[in-house]
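Now for the letters of each chain:
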Amino acid sequence: MAYPAPLKKLVDVLCRFPGVGPKSAQRLAFFLLRCPREEVVSIARAMVEAKDQLTFCPDCGSLAEKEACIYCNDSERDRLMVCVVQEPRDVLVLEKTGQYRGLYHVLHGALSPLDGVGPDELKLDRLVDRVKESGIQEIIIATNPNVEGDATAGYIAGLLRPLSIRVTRIAFGLPVGGDIEYADELTLSRALDGRREIT
Amino acid sequence: MSQRMFKADGLVLRTRPLGEADRLVTLLTGEEGKFEAVAKGARKMKSKLAAGVDIFSYGHYTFHRGKTWPVITSQDSIEQFTWFRDNPQLYPYGIYMGELVDRLVSGEEPCTSTFNLLLEGWRLLGSCDDSYIICRSFELKLAHLAGYSPHFHSCSACGTAGASKFSPRQGGMLCTHCASADVISIDKGTIAIVERLISAPLSQAHLIRLSAGQKKTLSRLTSAFLAYHLDLGDIKSRTLLKEYNT
């Protein structure tokens, strides 16, 4: 199909977004063309502002507007507990639960040798430094419940073992609202391992 | 694989995210060879496919031929190799074996022997203490299945008996006259070990005991032999494996 050059450029750019193929990119491009100019400018400005104004907290690696993030700056938080997650977006998901009031540490990935991600590519040195510097008593590892996430959790546990602090892994189990009939054997066996008494 | 629907027992060699919540899974099967398939929605917490399409899964899969890739419509787990999740020391070995096979098997051609070798290798890593020797034996057996085995009985260039240098490039021994700069010195004991690692069942590899010097020679020999003859390119998981072993 022969697109006008600016439209082709726009479709090509939109194709770079994850999960956006040529068809979706074309749909988005026509949406933008139909929008008033001011709205297109505000969308573009929001993208640039997010890119310019957001950074990663030097302490925990979460998204931050200034030097330190809102979690590290919050004096109400339990500073003896740190939850280790793979990606900054995992912090937002955990925050939505409203159950956790400790600090975070974002690894920015998980051990994945096939993708060239080894321990040096993760923010592990900083995690060890934080534990040594600030008297943290518990590390909760909340990496994804897949092979890479589990291997990363095991690696971190080994790394922190000499520091004699409590290292825990978030529980595995059945998703709320699901049917046991459709659960796989691994999830079910881990759910049985992690059973708890009804009080 | 001509029918619209087909079934296969397979091992998951690697996965990568695809789109919003799908996974693109590289599977090794005995009869259909290696191919990629899509597990739709497998990254969602409630997906019934999620656990069965993770790396190190062995399952019975049903596929529907899609436009680009076959789509996994159902899976039944046969084995999960949970030791790779639970033991961070075994994880790089399992990944390494899978990557070697992934690089070696090129496409949808039957590869029952390679499939069985990887299945046995992953199983043995969970039950044997000596992962190092299992891994070396696996490498040599994999090369043997591909048609390459080191030649130890005489000089590969002139045929003289009693050669004591191994040339990865020649794929065999060289005498002192024929030896080039890249040869590896190897004693008779280590040669006997290499021959045993190729000929004996993989399940007996852990019975072999190696000295530190023999380990070093064996590592150099297998690494150089595989690199030269199998042309597998840059094996990424080797870096992590080395890191875990130092």
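Every chain is numbered independently, its residues counted from 1 as its sequence is written. Here chains are named by letter from A upward and ligands by number from 1 upward, in the order in which they appear as written. Given that this is a predicted model, residues contribute local features only at a pLDDT of at least 70 and side-chain atom pairs are listed and counted only at 80 or more, while totals for whole chains, interfaces and linings are drawn from all residues. Heavy atoms from the whole structure form the basis of all side-chain values; hydrogens and water molecules are not counted.

A. Main features of the domain arrangement of chain B. Residue and element names in this part refer to chain B. Under the domain assignment used here, chain B contains domain 1 (5-80) and domain 2 (84-244). Inter-centroid distance (C-alpha atoms) of domain 1 to domain 2 is 29 Å. Contacts were defined at the residue level, with two residues in contact if any of their heavy atoms lie within 4.5 Å. Contacts between domain 1 and domain 2 engage 20 residues on the former and 20 residues on the latter. Accessible area that two parts lose when put together, evaluated with a 1.4 Å probe and summed over both, is termed the buried area. Summing both sides of the interface, domain 1 and domain 2 together bury roughly 1,700 Å²; the carbon and sulfur share of this comes to 67%. In terms of surface lost to domain 2, no three residues of domain 1 exceed Leu-11, Lys-34 and Phe-56, which account for 37% of the buried area on that side. Each reported salt bridge corresponds to a side-chain nitrogen of Lys or Arg within 4 Å of a carboxyl oxygen of Asp or Glu. Linking domain 1 with domain 2 are three salt bridges, by the criterion used here. Residues Arg-123 and Glu-79 are paired through a salt bridge, measuring 2.9 Å at the closest nitrogen-oxygen approach. In protein, a polar contact means a hydrogen-donor-capable atom and an acceptor-capable atom, both N or O and within 3.5 Å, with residues adjacent in sequence counting only if both atoms are side-chain atoms; elsewhere, any N or O pair within 3.5 Å suffices. For the pair domain 1 and domain 2, the number of links is seven residue pairs in polar contact (both at pLDDT 80 or more). Each domain's extent was defined by an automatic or database domain assignment.

B. Spatial organisation of the state of the cysteines. In what follows, a disulfide is any cysteine sulfur pair within 2.5 Å. Per the stated rule, a full pass over the model turns up zero disulfides over all chains. For the unlinked cysteine A:Cys57, the closest cysteine sulfur is that of A:Cys60, found at 3.8 Å. The structure places no disulfide on B:Cys175, whose sulfur is separated from the nearest cysteine sulfur, that of B:Cys178, by 3.5 Å. Given a relative accessible area of 8%, B:Cys175 falls into the buried group. Remark: exposure states derive from per-residue accessible area (1.4 Å probe, protein chains only) relative to the maximum for the residue type, with buried under 20%, exposed over 50%, and partly exposed in between.

C. Layout of the interface of chain B and chain A. Facing 26 residues of chain B, the contacting portion of chain A comprises 25 residues. Interface area lost by chain B to chain A is led by B:Lys46, B:Arg85 and B:Tyr91, which between them contribute 26%. Across the chain B-chain A interface, the total number found is three salt bridges. Residue B:Arg85 is joined to A:Asp150 by a salt bridge in which the shortest nitrogen-to-oxygen separation is 2.9 Å. Counting across the interface, chain B meets chain A through five residue pairs in polar contact (both at pLDDT 80 or more). A run of H or I in DSSP counts as a helix once it spans at least four residues, and a run of E counts as a strand once it spans at least two, with each numbered from the N terminus. Those elements that provide at least two residues to the side of chain B that touches chain A are strand S1 (5-18), strand S5 (70-79), helix H1 (83-86), helix H2 (91-104) and helix H7 (237-245) of chain B. With four residues, the single largest contributor to the side of chain B that touches chain A is H7(B).

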